[in-house]
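Residue-level listing of the chains:
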Amino acid sequence: MAMWPLWSLLLWEALPPITVTGAQVLSKVGDSVLLVAVRPPGFRVREAIWRSLWPSEELLATFFRGSLETLYHSRFLGRAQLHSNLSLEIGPLESADSGNFSVLMVDTRGQTWTQTLQLKVYDAVPRPVVQVFIAVGGDAQPPKTCQAFLSCWAPNISEITYSWRRETTVDFGMEPHSLFTDGQVLSISLGPGDRGVAYSCIVSNPVSWDLATVTPWESCHHDEAPGKASYKDVLLVVVPVSLLLILVALFSARHCGPCSGKKKKDVHADRVGPETENPLVQDLP
C-alpha cells in the first residue's frame, strides 16, 4: 500500500482550492456507479485523492507518483476502483452508500481543484399489488354500470410515485377527483363496453419502475356467467340454512333436556332391584 504523506494532506487543506459542486448522481442497490472526475482544460494532474465526506469522512482512493491506490480501510474497501482517468467506480452499491464525495486534484504547478458529488442510492421498485373493490350500487348509479375502486400498493419504498394507465386506449385523461391517497386509489365507472379494458398501476422512483395490470370488469357482478352463482346468491342460501340449523339445535336442547334426565333416572331405578338387595338380609328358616 502506498503511504500518503501527511504533509501533503495538510498542505492541500491549507491551500485555497478551486471548488466545483457537481450534480447529484443517482443509482440503485446492487448496481455500480461511476463518479466522474472533471477537471478544467490544461489541468495536468500530478496527485489526486478521493474521499467520502458524509455520513462519515473516509479516505477511499489516491493517485500519487503515477500509482493508483484503493486499499484504504473504509466501508468501500473491496468495492472501490480508481480508473486511469481518476474517476471512481463503486459497486455493488448498498443502501448505506448514499452520501457526499469529493475528489481533490493538484496539477504540476501546485494549483488545486476540488469537485464534490452527491450520491443517492435507491432500492429497486418491486412489482406492485393491485386490488379491485366493487362499490354497492345505489339509486343514483346508472343501470348496467359498475363502480370500482382500484387500490395499488408497493411495500417499503421511499420516494415512490403512483400513476395509472388505461390499456388499449391511446389517450387516457385521468380526472383529478378520480384519484385518491396520492394516486394509490383510482375510482372508475365501467359499462358493458369495458369488458376487456385493463388498467395498469405504475410505481416508480428516480431509478426504477414496475407495474401490475388488472381487468376490473371481471370483478363486477355484470360479468357472471349464466347458471353461475355470485357471492350474493351464495349468501342468500347459506345464511338462512345456517339460522335454521341453529334454531333446530336450540329447540332440541330445550325440549329434550328433561327427557334425557328422566331416562337417566329410570335407568338408575332399574339397577336398584331385587338383584341389588342387601346380601346381609337373609330369609329365616
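Residues numbered from 1 in each chain as written. Predicted model: local features only at pLDDT ≥ 70, side-chain atom pairs only at ≥ 80, totals over all residues. Heavy atoms only, no water.

Going by the annotation in an unreviewed UniProt entry, the name recorded for the protein is SLAM family member 8, with Saimiri boliviensis boliviensis given as the source organism. The heading Subcellular location (unreviewed entry) in the UniProt record of the protein holds the text "Membrane". (UniProt positions renumbered as here; feature names shortened; annotations may be inferred.)

(A) Structural context of the overall build of the protein. When you go through the protein residue by residue, the secondary structure sums to three helices and 16 strands. Here the protein holds 285 residues, and the buried ones make up 32% of them. When contacts within the protein are restricted to residue pairs at least 6 apart in sequence, those whose partners lie at least 24 apart make up 61%. Carbon and sulfur atoms make up 59% of the accessible area of the protein, which totals about 18600 Å². (Helix = DSSP H or I, 4+ residues; strand = E, 2+ residues; numbered from the N terminus. Buried < 20%, exposed > 50% of the residue type's maximum accessible area, 1.4 Å probe, protein only. Contact = heavy atoms within 4.5 Å. Areas by Shrake-Rupley, 256 points an atom, 1.4 Å probe, with all protein chains shown as cover.)

(B) Expanded view of the pattern of salt bridges. Across all of its chains, the model carries nine salt bridges by this definition. Between R79 and D97 there is a salt bridge, with its nearest N and O atoms 2.7 Å apart. Taken as a pair, R79 in the loop between β5 (67-69) and β6 (80-82) and D97 in the loop between β7 (88-90) and β8 (99-107) lie far apart in primary sequence, 18 residues in all. Overall, the relative accessible area of 12% leaves R79 in the buried class. (Salt bridge = Lys/Arg side-chain N within 4 Å of Asp/Glu carboxyl O.)

(C) Geometry of the side chain of S178. Of note, S178 is situated in the loop between β12 (161-166) and β13 (179-180). Those residues in contact with S178, other than ones at most four positions away along the chain, are V185, L186 and S187.

(D) Here's a closer look at the environment of D123. Tracing the chain through its elements places D123 in the loop between β9 (112-122) and β10 (129-134). Expressed as a C-alpha distance, the spacing of D123 and P206, which sit 83 residues apart in the sequence, is 10.0 Å. The contacts of D123, once residues within four sequence positions are left out, are V29, S95, I157, N205 and S208. Only 3.3 Å separates the side chain of D123 from the side chain of S95, close enough to count as a polar contact. (Polar contact = N/O pair within 3.5 Å; in protein donor to acceptor, adjacent residues only side chain to side chain.)

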